[in-house]
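Chain by chain, the residues run as shown.
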Amino acid sequence: MLTLSCPACYLAGGRNWSDLFVVCTRSLLTCTFCLFLFFPPPIEIAISPNNHEVHIYKKSGNQWVKTHELKEHNGHITGIDWAPDSNRIVTCGADRNAYVWTLKEGTWKPTLVILRINRAARCVKWSPRENKFAVGSGSRLISICYFEQENDWWVCKHIKKPIRSTILSLDWHPNNVLLAAGSCDFKCRVFSAYIKEVEEKPGPTPWGSKMPFGEMLFESGGSGAAGPASAGGGGWVHSVCFSHSGNRLAWTSHDSTVSVAEGGKTGTVNSLSSETLPLLCVTFITENSLVAAGHDCYPVLFVYDGAKASLTFGGKLDVPKQTAQKGISARERFQNLDRRASETQSTEKDLNTLHKNSISEISVLEGGRNQCTKFCTTGMDGGMGIWDVKTLESEMKNLKIV
Amino acid sequence: MVINTQSCDGLMLGLCDIFGACSRYCDTGGGLLLCCWFLNPPCTGNLMEALQAVLKNPPINTKNQNVKDRAEGLVLKVLSAFKSSDIEKGVQSLDKNGVDLLMKYIYKGFERPSENSSAVLLQWHEKALAAGGVGSIVRVLTARKTV
């Protein structure tokens, strides 16, 4: 869980349904960031401007002030996660290392975690109870790291089979044991990351009851279909997300599909082939609704109907205010004809959306994944937008978030 | 009942599925079985059915290049036989998977252009894009098994 609910997180000025905070003037190629809300506010953010450092910004008034710079990595930082309860940050990078940062006497001190991987780390996530974290990497395995008290260091265990390519995204189940992983071998899988040293045996879940470490409980594209030619989805799985209860798993894939699977009902994977460009990130905002965003630069809503087991498109969530149609002078008409072979102004969609480049991350700010009231998107244009669900619902007709 | 499509010309189109009847045109991967019958000079109703039938059972799983080529040739013939004004109706009659499959054939057809094929395919492309969105093109690009 990334967030606690914060009553004083207000938006400063601007449009009434979203606001753009430009946190970094350089373009953030991979907008890795995470949000941390604190009682009482200040709100703090850790971001990496596509280099070896992590910058921590604190919100004071209407401004974002940089408070710390964390420099330890030798390679680009590919994943950051902030554990709100224990106040620790974990970062992983292209230098095949991960560091756990703890705040001591006002500065962040790093602790190296030996991941035993021989390729870059790609993504990292704290577990819900923050006693372990998972790192996905290009070495085709997931490292589950936990703290060993006796030796006072972080130890890691690997989940290898049957992953065949880079792990692109991770998400923990609320029971702290199950982990969903989306990978470049076109599959989304659920593994058990049960570490007996730090937790007791978990109870049975709809995904399975026997959960030894490393056991694969679910695989998209057919259960254990033999051979490399199994008919799977055609794209890398960019993002995975468990619902609040953990019974549903959603993932987006590079072939412009979004899919939802329910635990226990094997074979009922419901995908929706969308008409948009591929979606890069997805999150549940209620048990039945998903918000996803990607290369089209605007978030979209999908609604999953559990009874009918169907996934439908709910609507675009970024309808720009229509600018008044200006009359086109004759001269402009000829200019347009000359430039674009058509007399009308081309509809440049991108200028009208909040984000001017692909949206790479989306996360829930308030309300949790079952009753989200605010969520936040960051994009490759270096900007971060905060969206208020209630205002969206009232602004857009026919938009229903169930 | 199978007749070699090379003996067909002009308005005759081959469409049929009969499973497992002829080993010359299909293999265990499942291919499109071809047979011919005479078609009356283009009557829209028949063309719609022709479109549906030719998009059924695409030779995705087979490794036999021959089958794929014949299937592609057939689809091209059907697409060319449509009148420009009927193309939109043709696309509307397809479901989502059908539109994706049509896009795959359109791009396959672009790969090997003949005299008039590209013009016809571009008209189909415009209508299919309106129906399927850019997502259908992305699915052509990311598909691991092609027609």
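Residues numbered from 1 in each chain as written. Chains lettered and ligands numbered in written order. Predicted model: local features only at pLDDT ≥ 70, side-chain atom pairs only at ≥ 80, totals over all residues. Heavy atoms only, no water.

K.L.:
How should I be thinking about the confidence of the model for chain A in this particular structure?
P.N.:
Detailed reading of the predicted coordinates is not advisable wherever pLDDT falls low. Residues and elements named next belong to chain A. When pLDDT is averaged across chain A, the result is 79; 79% of the residues are at 70 or more. The secondary structure element of chain A with the lowest average pLDDT is strand 1 (residues 18–22), at 33, and the one with the highest is strand 11 (residues 132–137), at 95. Residue range residues 223–232 is modelled with pLDDT below 50. Its contacts to residues more than four positions away, or to other chains, number 10 contacts. (pLDDT = per-residue confidence, 0-100. Helix = DSSP H or I, 4+ residues; strand = E, 2+ residues; numbered from the N terminus. Contact = heavy atoms within 4.5 Å.)

K.L.:
What am I meant to see in the sheet that holds strand 16 (residues 188–192) of chain A here?
P.N.:
Strand pairing within a sheet occurs via backbone hydrogen bonds; the two strands may be parallel or antiparallel. Residue and element names in this part refer to chain A. Across the sheet, four strands lie side by side as 14-15-16-17; this open sheet has antiparallel pairing. A single partner strand is all that each edge strand has here, and the edge strands are strand 14 (167–172) and strand 17 (216–219). Strand-to-strand twist across the sheet, computed as the mean angle between neighbouring axes with direction ignored, equals 20 degrees. One ladder, built from three bridges, connects strand 16 with strand 17; its direction is antiparallel. Across the sheet, the residue bridging to F191 is M216, located in strand 17. (Pairing = 2+ DSSP bridges. Axes fitted to C-alpha atoms, helices over the stretch in contact; angles between N-to-C directions.)

K.L.:
Would you mind showing me how to read helix 4 (residues 96–111) of chain B here?
P.N.:
Quick reminder: α-helices carry 3.6 residues per turn. Residues three or four places apart thus point the same way. In this model helix 4 of chain B runs 23 Å from its N-terminal to its C-terminal C-alpha over 16 residues, within 8% of the 22 Å that 1.5 Å per residue would give. All buried positions along helix 4 of chain B are accounted for by B:G98, B:V99, B:D100, B:L101, B:L102, B:M103, B:K104, B:Y105, B:I106, B:K108 and B:G109. (Expected span 1.5 Å × (residues − 1). Buried < 20%, exposed > 50% of the residue type's maximum accessible area, 1.4 Å probe, protein only.)

K.L.:
Would you explain the interface of chain A and chain B in this entry?
P.N.:
Accessible area lost on assembly of the parts is the figure often given for the size of an interface. Each side of the interface is counted separately: chain A has 17 residues, and chain B has 12 residues. Run the count over chain A and chain B and you get four residue pairs in polar contact (both at pLDDT 80 or more). Of the residues assigned to the side of chain A that touches chain B, the class counts are six nonpolar, nine polar and two charged. (Polar contact = N/O pair within 3.5 Å; in protein donor to acceptor, adjacent residues only side chain to side chain. Nonpolar A, V, L, I, M, F, W, Y, C, P; charged D, E, K, R; others polar.)

K.L.:
Honestly, the pattern of salt bridges in this entry has me stumped. Any pointers?
P.N.:
Oppositely charged side chains may form a pair once their charged atoms are brought near each other. Residue and element names in this part refer to chain A. All told, the structure shown has 15 salt bridges over all chains when counted by the stated rule. The partner of E69 in a salt bridge is K66, with the nearest N and O atoms 3.0 Å apart. Judged by relative accessible area, E69 falls into the partly exposed class, the value being 36%. A salt bridge links E262 to R248; its shortest N-O distance comes to 3.5 Å. Here the residue E262 occupies a position in strand 20 (residues 257–262), and R248 occupies one in strand 19 (residues 248–253), the gap between them amounting to 14 residues. Taking the relative accessible area as the measure of exposure, R248 reaches 10% and is therefore buried. Residues joined by salt bridges that share partners form a network here, namely E53, K66, E69 and K71. (Salt bridge = Lys/Arg side-chain N within 4 Å of Asp/Glu carboxyl O.)

K.L.:
Would you mind going over the confidence of the model for chain B with me for this structure?
P.N.:
Residue and element names in this part refer to chain B. Summary statistics for chain B give a mean pLDDT of 74 and a share of 69% for residues scoring 70 or more. Long-range and interchain partners of residues 1–42, a stretch whose pLDDT sits below 50, account for 77 contacts in this model, where long-range means more than four residues apart. Our summary of model confidence lists the complex with pTM equal to 0.77 and ipTM equal to 0.74.

K.L.:
So what exactly am I meant to see when it comes to unusual backbone geometry here?
P.N.:
With the exception of glycine, most residues fall at negative phi, and the peptide bonds are largely trans. Residue and element names in this part refer to chain A. Cis geometry marks the peptide bond from K161 to P162, where omega comes out at -10 degrees. Considering the arrangement of structural elements, one finds P162 in the loop between strand 13 (153–159) and strand 14. One non-glycine residue with positive phi stands out, namely F186, at about 70 degrees. Inspection of the secondary structure assignment puts F186 in the loop between strand 15 (178–183) and strand 16.

K.L.:
Would you mind showing me how to read the sheet that holds strand 25 (residues 310–316) of chain A here?
P.N.:
Residues and elements named next belong to chain A. Strand order across the open sheet formed by four strands is 22-23-24-25, with antiparallel pairing between neighbours. Of all strands in the sheet, those with a lone pairing partner are strand 22 (279–284) and strand 25, marking the two edges. Along the sheet, successive strands turn relative to each other by an average axial angle of 30 degrees, direction set aside. Note: strand 22 against strand 23 (residues 289–294), five bridges, orientation antiparallel.

K.L.:
Is there a simple way to think about the pairing of strand 14 of chain A in this case?
P.N.:
Consecutive residues of a regular strand have side chains that alternate between opposite faces of the sheet. Residues and elements named next belong to chain A. Among the six residues of strand 14, six are classified as buried, and the element is accordingly described as predominantly covered. Sheet analysis places strand 14 next to strand 15, joined by five bridges and oriented antiparallel. What sits directly across from S169, in strand 15, is G182.

K.L.:
Would you mind going over the packing of helix 2 (residues 65–81) of chain B against helix 5 (residues 117–142) of chain B with me for this structure?
P.N.:
The angle between the axes and the distance between the axes are what describe a pair of packed helices. All names here are of chain B. Where helix 2 contacts helix 5, the two axes come as close as 10 Å, and the packing angle between them is 80 degrees. By the criterion of interaxial angle, the relationship of helix 2 to helix 5 is roughly perpendicular. Residues L76, L79 and S80 of helix 2 form the contact with helix 5, whose participating residues are V120, L121 and W124. Its residues assigned to classes, the contact of helix 2 with helix 5 comprises five nonpolar, one polar and no charged. (Parallel < 35°, antiparallel > 145°, perpendicular 65-115°, else oblique.)

K.L.:
What is the right way to read the environment of B:L141 from this model?
P.N.:
Summarising the element assignment, B:L141 is placed in helix 5. Separated by 34 residues in the primary sequence, B:L141 and B:Y107 place their C-alpha atoms 9.5 Å from one another.

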